[in-house]
Amino acid sequence: MDSLRNIGHIDGQTQLVGIIGSPVAHSLSPEMHNAAFAYMGLNWRYIPLLVRPDQLAAALKGIVALNFRGVNITIPHKVAAIPLMDSVTEAVTVAGAVNTVRIDGSSGRMEGMNTDMTGFLADLAAHKIHLSEGMRVIVLGAGGAARAVGAGLARSGAQITFINRTPEKAAQVVEFLKASWSSAVMTAAPFSELAAHAEGASLIVNTTAVGIWPNADESPWPEHVPFPKNAVVYDTVYRPRHTLLMKQAEKAGLMAVGGLGMLVYQGAAAFEMWTRQKPPIEVMRAACEQRLGD
Ligand code: ATR
């Protein structure tokens, strides 16, 4: 109750951050960050900001003018935001997307960052899923999330096959990542070749939108393709918590992990960038779980 009262109290000292996207109504980030601010006793608030693509530049100028401390950037702005930044971190260059902006209070300069990649790697580590040189990984999908995940995997020396409904997009992701890791072993393939590529893989990561609520009865993994033995399945989807892909994997005796941890760790990294304080990870996770309903 104390924390709820704290969220309601806004005064002249309140520092603002938020999320720019379209849509943003479904985002868990406001609850996650406001719970963290309340727990830490920080007079900060996080608000959703619905911004159409043609208003992105104006919106970013606006939040600087309004003395925001930073924002998260989500669909569909993660790529378009890059040239609008005053500087970007290496993670933005290698993942090809900005998901967090820090605004310098005195100069108003915007620094673009990417905490999706670090969020993914942090959650793998939290689940004791170790990446190693030459380890074979299947990434399903070739969108923005696939780039962030792929960048994290390529950095660790994993051999990655990107499987996508539109194989040309998977080839583009490989080409893009090769710009940062020219010696990395990466291939692109259509779903029709999944079975051959999956054999011997030790990690499967779903970055497609398949299985996201309300389409919880869908899975990107075709029923007739056997899962590789002893692989771990990581689904970046977190709504529902337990996706059909995870259920398929568990039925085949594999360990399956959902995407909530990645969401929490990317948020935690953004929280730390803005406030320069250690994020209360479990408070952030509990806020998301409460919103998701379990
Ligand atoms: P994000 O930034 O979250 O990765 P995105 O860029 O829109 O989102 O990418 C969505 C991914 O989900 C793509 O790989 C897309 O496949 P296509 O490149 O062929 O469009 C994949 N995807 C979405 N719906 C799908 C479906 N019904 N079946 C298979 N793949 C699907």
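These numbers were taken from a predicted model, which means no experiment stands behind them.

**Student:** Can you lay out the packing of helix α2 (residues 29–40) against helix α10 (residues 260–275) for me, pointing to particular residues and giving the numbers?
**Tutor:** As a packed pair, α2 and α10 sit with axes 11 Å apart at the nearest point and diverge in direction by 50°. Judged on the interaxial angle alone, α10 and α2 are oblique. Between α2 and α10 lies a crossing whose hand is right-handed. In this structure, α2 contributes S29, M32, H33, A36, F37 and M40 to the contact, and α10 contributes L263, V264, Q266, G267, A270, F271, W274 and T275. For the contact of α2 with α10, the class distribution of residues is nine nonpolar, five polar and no charged.

**Student:** With reference to specific residues and values, describe the sheet that holds strand β7 (residues 136–140).
**Tutor:** The strand order across the open sheet formed by six strands is β9-β8-β7-β10-β11-β12, and the pairing between neighbours is parallel. The open sheet has two edge strands, β9 (186–189) and β12 (255–257), and neither has a second partner. Within the sheet, the average angular offset between the axes of one strand and its neighbour, ignoring direction, is 15°. In the sheet, strand β10 (residues 203–206) pairs with strand β11 (residues 232–235) via four bridges, with the strands oriented parallel. Paired with L203 across the bridge in β11 is V232. The strands that helix α5 (residues 116–126) touches are β10, β11 and β12; relative to β11, the one it contacts most, it runs at about 140°.

**Student:** Describe the side chain of N206, and please don't skip the residues or the numbers.
**Tutor:** Positionally, N206 belongs in strand β10. Within the local environment of N206, its side chain forms a polar contact with the side chain of D235, the two groups lying 2.8 Å apart.

**Student:** Kindly report on the sheet that holds strand β3 (residues 70–73), identifying the contributing residues and their values.
**Tutor:** Pairing within the open sheet is mixed, and its six strands lie in the order β2-β1-β3-β5-β6-β4. Each edge of the open sheet carries a strand with a single partner, namely β2 (44–50) and β4 (87–88). In terms of strand pairing, strand β1 (residues 15–21) meets β3 through four bridges, oriented parallel. Within the sheet, the bridge partner assigned to G18 lies in β3 and is V71. Contacts from α2 reach β1, β2 and β3, with the element oriented near 170° to β2.

**Student:** Lay out the packing of α5 against α10 with the relevant residues and their values.
**Tutor:** For the pair α5 and α10, the least separation of the axes is 7 Å and the interaxial angle reads 125°. Relative to α10, the element α5 is oriented oblique. Where α5 crosses over α10, the two elements pack in a sense that is right-handed. Across the interface between the two elements, D116, T118, G119, F120, A122, D123 and A126 from α5 touch G261, M262, Y265, Q266 and A269 from α10. The residue makeup of the contact of α5 with α10, split by class, is six nonpolar, four polar and two charged.

What counts, and at which threshold
Residues numbered from 1 in each chain as written. Predicted model: local features only at pLDDT ≥ 70, side-chain atom pairs only at ≥ 80, totals over all residues. Heavy atoms only, no water. Axes fitted to C-alpha atoms, helices over the stretch in contact; angles between N-to-C directions. Helix = DSSP H or I, 4+ residues; strand = E, 2+ residues; numbered from the N terminus. Parallel < 35°, antiparallel > 145°, perpendicular 65-115°, else oblique. Left-handed = near helix turned anticlockwise from the far one by under 90°. Contact = heavy atoms within 4.5 Å. Nonpolar A, V, L, I, M, F, W, Y, C, P; charged D, E, K, R; others polar. Pairing = 2+ DSSP bridges. Polar contact = N/O pair within 3.5 Å; in protein donor to acceptor, adjacent residues only side chain to side chain.

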